[in-house]
Amino acid sequence: MDSRNEARVSNHSEVLAEDERKKLPTNWEARKRQADWLIDDSKARAEAEAKGLDYNRVKLMKVSAAEADRFDKLKSKKKNADPGFSDYEAQTARQYNRLIKTMEPRDLVKYEEQKAQYGDAFYGGPNVVLQGMHKDSPGAIDKMVKDLEQQIDKRKKFSRRRTHNDDADIDYINEKNARFNKKLERFYGEHTAEIKQNLERGTAI
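Just so we're clear, the structure is a prediction, and the values are computed from it rather than from any experiment.

Caption draft 1: Representation of the overall build of the protein within the structure. In terms of regular secondary structure, the protein is built from eight helices and zero strands. Secondary structure elements in the protein, listed N-terminal to C-terminal, are α-α-α-α-α-α-α-α. Structurally, the protein occupies a C-alpha span of about 110 × 90 × 35 Å along its principal axes. Going through the 205 residues of the protein one by one, you find that 5% of them count as buried. Pairs at least 24 residues apart make up 19% of the contacts formed inside the protein by residues separated by at least 6 positions.

Caption draft 2: The arrangement of the pattern of salt bridges in detail. Evaluation of the coordinates by the stated rule reveals three salt bridges. With a shortest N-O distance of 3.6 Å, Asp 69 and Lys 73 are connected by a salt bridge. You can see Asp 69 and its partner Lys 73 sitting in helix α4 (residues 65-78), four residues apart, about one turn around the helix. Residue Glu 185 is joined to Lys 196 by a salt bridge in which the shortest nitrogen-to-oxygen separation is 3.3 Å. Judged by relative accessible area, Glu 185 falls into the partly exposed class, the value being 42%.

Caption draft 3: Layout of helix α2 (residues 28-51). A rise of 1.5 Å per residue sets the reference length of α2, with its 24 residues, at 34 Å; its end C-alpha atoms lie 35 Å apart and thus fit the reference within 8%. The first or second residue beyond α2 is Gly 52, which carries a positive phi of 80°.

Caption draft 4: Region of interest: the side chain of Asp 41. Tracing the backbone through its elements, the reader meets Asp 41 in helix α2. Although Asp 41 is buried, it makes no salt bridge; Arg 45 carries the closest opposite charge, 4.1 Å away. With near-sequence residues (within four places) excluded, Asp 41 lies in contact with Tyr 55 and Lys 59.

Caption draft 5: A look at the packing of aromatic side chains. Counting across every chain of the model gives zero aromatic pairs. The ring of Phe 71 has Arg 70 lying over it, and the distance from NZ or CZ to the ring centre is 5.1 Å.

Caption draft 6: Structural context of the side chain of Gln 114. Secondary-structure assignment places Gln 114 in helix α6 (residues 108-118). Given the relative accessible area of 18%, Gln 114 is considered buried. Setting aside its immediate chain neighbours within four residues, Gln 114 contacts Phe 122 and His 134.

Caption draft 7: View of a nonpolar patch on the surface. Together, Leu 60, Val 63, Phe 71 and Leu 74 make up an exposed nonpolar region whose accessible area comes to about 360 Å². Topologically, Leu 74 is positioned in helix α4.

Criteria and thresholds
Residues numbered from 1 in each chain as written. Predicted model: local features only at pLDDT ≥ 70, side-chain atom pairs only at ≥ 80, totals over all residues. Heavy atoms only, no water. Helix = DSSP H or I, 4+ residues; strand = E, 2+ residues; numbered from the N terminus. Buried < 20%, exposed > 50% of the residue type's maximum accessible area, 1.4 Å probe, protein only. Contact = heavy atoms within 4.5 Å. Salt bridge = Lys/Arg side-chain N within 4 Å of Asp/Glu carboxyl O. Expected span 1.5 Å × (residues − 1). Lys, Arg positive; Asp, Glu negative; His and termini not counted. Phe/Tyr/Trp six-rings, centres within 6.5 Å; stacked < 30°, edge-to-face > 60°. Lys NZ or Arg CZ within 6 Å of the ring centre and 35° of its normal. Patch = residues over 30% accessible without salt bridge, like charges linked within 9 Å, V, L, I, M, F, W, Y side chains within 5 Å. Areas by Shrake-Rupley, 256 points an atom, 1.4 Å probe, with all protein chains shown as cover.

Set out below in structure tokens:
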């Protein structure tokens, strides 16, 4: 067979192979790589178990420090530290954890003294009246007041709703249009100020 026929046959086989590849799903190569990895992983696990070794430890021995660091960084990026509001129970838990961070460590000597002083009433119960048994120190009261004032100040600074200006010109038909107009004004306001003034005066050409 001469070289021309060989080239024709190899070209035809390449065309057929490419046509077969086109018929496969778009993620076929990734799925094949994953399947191969799973097969190799199960084989290595079986070999390690046959030798009586912990496969997870064996696998980690082959991972370099740089790769481990890269995996940790990827995991920390994926993990959202502040998921935001999910439900009221989670919100209460977040608020509680945030407040106890500011608390001073417990005075264990005072704790034991109070425990001895109150006896069984120290832990409370359904038939225990705690009213008048404990008196808060002035320092503790001042601290609570300061904390409440800080919370009030923080709430005052935080506001989702923008204040409405009654004196501003109404150039919108709904809230969405108002936001769009503000965006236009921010980007093109300096260029269109003269045209707007001419339109308001009625002198625009």
